[in-house]
Amino acid sequence: MKKGKVFSLGIQHVLAMYAGAVIVPLIVGSALKLSPEQLAYLVAIDLLTCGLATLIQVWQNRFFGVGLPVVLGCTFTAVGPMIAIGGQYGMSAIYGSIIAAGLFVVIFAGAFGKILKLFPPIVTGTVVTIIGITLIPVAIKDMAGGAGSENFGSAQNLLLSFGVLAFILLLYRFSKGFIRSVSILIGLIAGTIVSVFLGLVDFTPVKEASWVHMPTPFYFGVPTFELGAIITMILVAIVSLIESTGVFMALGKICDRNLTPKDLTKGYRGEGLAIILGGIFNAFPYTTYSQNVGLVQLSGVKAKQVIYVAGGMLIFLGLIPKVAALTTLIPTAVMGGAMVAMFGMVFASGIKMLSEVDLAKQENLLIIACSVGMGLGVTVEPELFSRLPESIQILTENGIVAGSLMAVLLNLLFNTKSKKVIVSHVQKSQKEAV
């Protein structure tokens, strides 16, 4: 294949995932009130780590890497949990939980196929639905200008945010192919340009940002390890692995390759290493991006060298802080308009997963109802279990964890034949995991 074609295809892969890769750190950083300098670092290190994580997964060897043309990026599933953990325990606990979740995935990669039985579509769909629901309030506050802002709810903020949302929807409706796939990114750029003319954009962070920097491990401090935060991030990692399994299988068919359990194990282990890398460099948990599968199918190019080029480009971009600083110029209201669409899609993804479930069974409806109700309830009223012992509160203080655990337990209760089967199923999974 000609070098020019390889390079152009690599750029296309980067553009297809760029919006997701950039928007996640912007959302998390804004919610946690990071300074412009810290936010620029978070965006830059995320791009760099996306590239490293992609190379780890594409490079197949005896121990890790699925060896398919995959691109890795930060998972949207982690946005809500990271904001919640950061707000409760601080930034150091976020990265402690990410490192712990990565280690969990690496250690239990071989047994994950067995643990997967505890996470059928009714459980994973419920978990993703809960995460989507808990994210929506963040988007709504940002539409109004961000919680605590002086002009919260002003007409200017509302016009900007709803204008961006309307532009994204119209672009998605009347465009096709690549333009449609990056409609959110285009909407953010258009909203920022309008904001420039309104005098709402300060270019100081770009002027002050350096041209080149080196990544700094533990930039936000030495990681701390909180059990509740770790459990939350492990649940996020499991959901991400389930999504990645589907991507691996889809790409295997496209590339005419029959994936073996050993291939999947190496893919899971590669993703675990990518998550650990995200924790060390204070970036994000990483997962296989499904949008890049569409590019492989549309272009018909299955060569791994294209992905190597894409990974290299991401690393290069991550070493240039001025590129990252440009993305931090997006006003909060503009970001809020796009977030409604993005977070709504997370919620919709959960509904899509639940569509695979037999909803004619009253038991399944009850599992969804109680689990989503518990997850949303604890999110709205986090003091619900405040009088319980601290050892129990670890499992109940976070709405995502509380709702997810209820989904797992109710699924075991209603979708297994007897209590004896439930006990043996759990014991077998524990033995195989050990």
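Residues numbered from 1 in each chain as written. Predicted model: local features only at pLDDT ≥ 70, side-chain atom pairs only at ≥ 80, totals over all residues. Heavy atoms only, no water.

Undergrad: With reference to specific residues and values, describe the overall build of the protein.
TA: Check the secondary structure of the protein and you find 20 helices and 2 strands. Here the protein holds 434 residues, and the buried ones make up 53% of them. Intrachain contacts of the protein at a sequence separation of at least 6 include 82% that bridge at least 24 residues. Surface accessibility of the protein: about 19,400 Å² in total, with carbon and sulfur atoms responsible for 67%. (Helix = DSSP H or I, 4+ residues; strand = E, 2+ residues; numbered from the N terminus. Buried < 20%, exposed > 50% of the residue type's maximum accessible area, 1.4 Å probe, protein only. Contact = heavy atoms within 4.5 Å. Areas by Shrake-Rupley, 256 points an atom, 1.4 Å probe, with all protein chains shown as cover.)

Undergrad: Would you mind going over the environment of Gln 38 in detail, with residue names and values included?
TA: Assignment of secondary structure puts Gln 38 in helix α2 (residues 36–58). Accessibility expressed as a relative area gives 26% for Gln 38, which makes it partly exposed. Through-space distance from the C-alpha of Gln 38 to that of Ala 325 is 9.7 Å; in sequence the pair is 287 residues apart. Apart from the residues within four sequence positions on either side, Gln 38 is in contact with Tyr 219 and Phe 220.

Undergrad: Help me get a handle on the nonpolar core, residues and values and all.
TA: If you look at the biggest cluster of nonpolar residues, it comprises 116 residues, and the most contacted ones within it are Ile 27, Phe 284 and Tyr 286. Sorting elements by how many residues they give to this core places helix α11 (residues 227–254) first, with 15 residues. Discounting residues that sit within four places of it in the chain, Phe 284 has contacts with Val 24, Pro 25, Val 28, Leu 42, Asp 46, Cys 74, Met 82, Ile 98, Ile 275 and Gly 278. Counting 6 residues, the second-largest nonpolar core is a separate cluster that includes Ala 40, Val 201, Val 206 and Ala 209. (Core = buried A, V, L, I, M, F, W, Y, C linked by side-chain atoms within 4.5 Å.)

Undergrad: Could you give an account of α2, naming the residues involved and the relevant values?
TA: Within an α-helix, residues lying three or four positions from one another point in the same direction, as the helix has 3.6 residues per turn. Taking 1.5 Å of rise per residue, the 23 residues of α2 would be expected to cover 33 Å, and the 33 Å separating its terminal C-alpha atoms lies within 8% of that figure. Of all the 23 residues making up α2, 18 are buried; the element is thus mostly covered by neighbouring parts of the structure. (Expected span 1.5 Å × (residues − 1).)

Undergrad: So what about the environment of His 213? Which residues, and what values?
TA: Relative to the assigned elements, His 213 resides in the loop between α10 (204–208) and α11. What makes His 213 buried here is its relative accessible area of 15%. In contact with His 213, other than residues within four places in its own chain, are Tyr 41, Ala 44, Gly 318, Leu 319, Ile 320 and Pro 321.

Undergrad: Explain a nonpolar patch on the surface residue by residue, including any values.
TA: Taken together, the side chains of Ile 189, Ile 193 and Phe 197 present a nonpolar region at the surface, about 360 Å² in accessible area. Within the fold, Phe 197 resides in helix α9 (residues 183–197). A residue is classified by how much of its surface remains accessible, and Phe 197, at 74% relative accessible area, is exposed. (Patch = residues over 30% accessible without salt bridge, like charges linked within 9 Å, V, L, I, M, F, W, Y side chains within 5 Å. Salt bridge = Lys/Arg side-chain N within 4 Å of Asp/Glu carboxyl O.)

Undergrad: Account for the packing of helix α7 (residues 155–174) against α9, with residues named and values stated.
TA: Between α7 and α9, the least distance of the axes is 9 Å, while the angle of their chain directions is 145 degrees. You can see that α7 and α9 cross each other, and the crossing is right-handed. Contacts from Leu 160, Val 164, Phe 167, Ile 168, Leu 171 and Tyr 172 of α7 reach α9 at Ser 183, Ile 184, Ile 186, Gly 187, Ala 190, Gly 191, Val 194 and Ser 195. (Axes fitted to C-alpha atoms, helices over the stretch in contact; angles between N-to-C directions. Left-handed = near helix turned anticlockwise from the far one by under 90°.)

Undergrad: If you had to explain the packing of aromatic side chains to someone new, which residues and values would you point to?
TA: With the rule as written, the count across this model stands at 7 aromatic pairs. Judged by centre distance (6.4 Å) and plane angle (75 degrees), the ring pair of Tyr 41 and Phe 220 falls under edge-to-face. Placement of Tyr 41 in helix α2 and of Phe 220 in the loop between α10 and α11 is noted, with a sequence separation of 179 residues between them. The exposure classification of Tyr 41 matches that of Phe 220, with both residues buried. Among the aromatic residues, those joined into a ring-pair cluster are Tyr 41, Tyr 95, Tyr 219 and Phe 220. (Phe/Tyr/Trp six-rings, centres within 6.5 Å; stacked < 30°, edge-to-face > 60°.)

Undergrad: Residues and numbers for the packing of α7 against helix α16 (residues 332–354), please.
TA: The geometry of α7 relative to α16 is characterised by a closest axis approach of 7 Å and an angle of 40 degrees between their N-to-C directions. In terms of axis orientation, α7 runs oblique to α16. The way α7 lies across α16 gives a crossing that is right-handed. Across the interface between the two elements, Asn 157, Leu 160, Ser 161, Val 164, Leu 165 and Ile 168 from α7 touch Ala 333, Val 334, Gly 337, Ala 338, Val 340 and Ala 341 from α16. For the contact of α7 with α16, the per-class residue count stands at 9 nonpolar, 3 polar and no charged. (Parallel < 35°, antiparallel > 145°, perpendicular 65-115°, else oblique. Nonpolar A, V, L, I, M, F, W, Y, C, P; charged D, E, K, R; others polar.)

Undergrad: Tell me about the environment of Ser 240, residues and numbers included.
TA: Its location among the elements puts Ser 240 in helix α11. Considering only alpha carbons, one finds Ser 240 and Thr 75, 165 residues apart in sequence, at a separation of 7.3 Å.

Undergrad: Describe the side chain of Thr 49, with residues and values.
TA: If you trace the backbone, Thr 49 turns up in helix α2. Classification of Thr 49 as buried rests on a relative accessible area of 0%. Residue contacts for Thr 49: discarding those within four places in its chain leaves Leu 277, Gly 278, Phe 281, Ala 283 and Tyr 286.

Undergrad: Describe the state of the cysteines, naming the residues involved and giving the relevant values.
TA: Applying the stated criterion to the full structure yields 0 disulfides. Cysteine Cys 50 remains unbridged, with the sulfur of Cys 74 as its closest cysteine sulfur at 5.1 Å. (Disulfide = S-S within 2.5 Å.)

Undergrad: Tell me about the confidence of the model for the protein, and please be specific about residues and values.
TA: Here the protein averages 81 in pLDDT, and 88% of its residues register 70 or above. For the protein, per-element mean pLDDT is lowest for helix α20 (residues 419–433), which scores 46, and highest for helix α4 (residues 91–107), which scores 94. (pLDDT = per-residue confidence, 0-100.)

Undergrad: Help me get a handle on unusual backbone geometry, residues and values and all.
TA: With a phi angle near 55 degrees, Asp 256 is a residue other than glycine that sits in the positive phi range. Summarising the element assignment, Asp 256 is placed in the loop between α11 and α12 (261–280).

Undergrad: Any chance you could break down the side chain of Asn 364 for me, citing the residues and the numbers?
TA: Mapped onto the elements of the fold, Asn 364 is located in helix α17 (residues 362–380). The class of Asn 364 is buried, set by a relative accessible area of 5%. When residues no more than four places from it in sequence are discounted, the contact partners of Asn 364 are Ile 122, Val 357, Asp 358 and Asn 415.

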